[in-house]
Amino acid sequence: MSENTSKWAYLFVLSLIWGSSFILMKKALIGVTPFQLGALRNIFTALILFTVGLKYIKTIDKTAWKWIALSGVFGSFIPAFLFAIAETEIDSAIASILNSLVPLQTILVGFAVFQIASTKRQIFGVVLGFIGTALLVMEGADLNPHQNYLYAGYIVLATVMYAFNVNIIKSHLQHLKPLTIATGNYVVVVIPAFIILLFTGFFESSNLHQPALKMALVYIFILSFFGTALAKVLFNKLIRISTPVFASSVTYVMPIVALTWGFLDGEGFSLLQGFASLIILLGVYLANKKA
């Protein structure tokens, strides 16, 4: 398989996996708190990756560890909590659409921090994407008055962190294998995640015996195995064989998958929200389109 064909295959598979992650988070939150979900997702993913990737840790040079740590914090640790908190108030499909801001944030971060030049069309795409985001959030607040759409800010913040992660990997970790980067990320974050879990009351008897916990753990394990561990390795590979902006364009297909799951789960979605979603995706397209 050629490199060009491979990158499109990775993009499609990642879209299916990550597009399904939002409904898994929603279902898991029935049995755990947002902080328990974020901590368990990090811990489960760490354990999965350690079974196959610990032998590669010795290949990480000392100078790379600071970038491994930053990549782990921005690309895995904090976003796991931000998305979990956000989905306590907003629908899973909306969370996925807002996640489509990642390519636009990648351009902004690349320009502001990593001195990667942006064209006028890319800037226009960024502006258009944020207009779509504003429309999506405002309409969502009207359509679901019982939901606090200020929580959308948590997802916007997570997309900024994902953008930093993409640029860090492309700029400073290209010499390492994708599995090595992913495993190194979780060597850094697994202990903080476990400490947070201890303070959530997860191990209290009343919590361990609640009926919804068992299924929640099943959802979190599926989310961790496919949506984080496997997907993170595939994503790191995609970054390696493409560009940061192309890799972050996985968010093109994700909303379609997430909207399908949301519809099947009875989530509401208006025509104006559909229009706002198209504006976001058009902005992403224009920002990524070659001259």
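Residues numbered from 1 in each chain as written. Predicted model: local features only at pLDDT ≥ 70, side-chain atom pairs only at ≥ 80, totals over all residues. Heavy atoms only, no water.

**A closer look at the overall build of the chain**
Part 1 of the reasoning: In terms of regular secondary structure, the chain is built from 13 helices and zero strands.
Part 2 of the reasoning: The secondary structure elements of the chain, listed N-terminal to C-terminal, are α-α-α-α-α-α-α-α-α-α-α-α-α.
Part 3 of the reasoning: Among the 291 residues that make up the chain, the fraction classed as buried is 54%.
Part 4 of the reasoning: Taking as baseline every contact in the chain between residues at least 6 positions apart, the subset at least 24 positions apart corresponds to 90%.
Part 5 of the reasoning: Counting every atom, the chain has about 13,000 Å² of accessible surface; 73% of that belongs to carbon and sulfur. (Helix = DSSP H or I, 4+ residues; strand = E, 2+ residues; numbered from the N terminus. Buried < 20%, exposed > 50% of the residue type's maximum accessible area, 1.4 Å probe, protein only. Contact = heavy atoms within 4.5 Å. Areas by Shrake-Rupley, 256 points an atom, 1.4 Å probe, with all protein chains shown as cover.)

**A few points about a nonpolar patch on the surface**
Part 1 of the reasoning: On the surface, a cluster of nonpolar side chains totalling about 740 Å² of accessible area is made up of Ile191, Phe194, Ile195, Leu198, Phe199, Phe203 and Leu208.
Part 2 of the reasoning: For the nonpolar patch, the leading source of residues is helix α8 (residues 178-198), giving four residues.
Part 3 of the reasoning: On the secondary structure map, Phe203 appears in the loop between α8 and α9 (205-208). (Patch = residues over 30% accessible without salt bridge, like charges linked within 9 Å, V, L, I, M, F, W, Y side chains within 5 Å. Salt bridge = Lys/Arg side-chain N within 4 Å of Asp/Glu carboxyl O.)

**Considerations on the packing of aromatic side chains**
Part 1 of the reasoning: In this structure the tally under the stated criterion is 12 aromatic pairs.
Part 2 of the reasoning: When the centroid spacing of 6.4 Å and the interplanar angle of 65 degrees are considered together, the rings of Phe44 and Phe221 count as edge-to-face. Of this pair, Phe44 sits in helix α2 (residues 34-53) while Phe221 sits in helix α10 (residues 213-241), and the two are 177 residues apart along the sequence.
Part 3 of the reasoning: Each member of the aromatic cluster is reached from another via a ring pair, and the members are Phe44, Phe221, Phe225 and Phe226. (Phe/Tyr/Trp six-rings, centres within 6.5 Å; stacked < 30°, edge-to-face > 60°.)

**Description of the side chain of Ser76**
Part 1 of the reasoning: The residue Ser76 is located in helix α3 (residues 65-86) in this model.
Part 2 of the reasoning: A polar contact of 3.0 Å, which involves the side chain of Ser76, links it to the side chain of Lys232. (Polar contact = N/O pair within 3.5 Å; in protein donor to acceptor, adjacent residues only side chain to side chain.)

**Structural notes on a positive patch on the surface**
Part 1 of the reasoning: Judged by side-chain charge, Lys55, Lys58, Lys177 and Arg240 come together as a positively charged surface patch.
Part 2 of the reasoning: On the secondary structure map, Lys58 appears in the loop between α2 and α3.
Part 3 of the reasoning: Since its relative accessible area comes to 71%, Lys58 is described here as exposed. (Lys, Arg positive; Asp, Glu negative; His and termini not counted. Charge placed at Lys NZ, Arg CZ, Asp CG, Glu CD.)

**What to know about the packing of helix α4 (residues 92-99) against helix α7 (residues 152-172)**
Part 1 of the reasoning: The N-to-C vectors of α4 and α7 enclose an angle of 35 degrees; their axes lie 9 Å apart at closest approach. The handedness of the crossing between α4 and α7 comes out as right-handed. Listed contacts from α7 to Ala95, Leu98 and Asn99 of α4 are Ala152, Ile155, Thr159 and Tyr162.
Part 2 of the reasoning: In terms of residue class, the contact of α4 with α7 is built from five nonpolar, two polar and no charged. (Axes fitted to C-alpha atoms, helices over the stretch in contact; angles between N-to-C directions. Left-handed = near helix turned anticlockwise from the far one by under 90°. Nonpolar A, V, L, I, M, F, W, Y, C, P; charged D, E, K, R; others polar.)

**Remarks on the environment of Ile97**
Part 1 of the reasoning: Residue placement: Ile97 occurs in helix α4.
Part 2 of the reasoning: Between the C-alpha atoms of Ile97 and Gly19, which are 78 residues apart in sequence, the distance is 9.6 Å.

**Structural notes on the packing of α3 against α7**
Angle between the axes and distance between the axes: these two values describe a pair of packed helices.
Part 1 of the reasoning: As a packed pair, α3 and α7 sit with axes 9 Å apart at the nearest point and diverge in direction by 160 degrees. Classified by the angle their axes make, α3 and α7 are roughly antiparallel. As for how α3 packs across α7, the hand of that crossing is left-handed. For the pair formed by α3 and α7, the contact residues are Trp67, Leu70, Ser71, Phe74, Gly75, Ile78, Pro79, Leu82, Phe83, Ile85 and Ala86 on the first element and Tyr154, Ile155, Leu157, Ala158, Met161, Tyr162, Phe164, Asn165, Ile168, Ile169 and His172 on the second.
Part 2 of the reasoning: The residue inventory of the contact of α3 with α7, partitioned by class, reads 18 nonpolar, four polar and no charged. (Parallel < 35°, antiparallel > 145°, perpendicular 65-115°, else oblique.)

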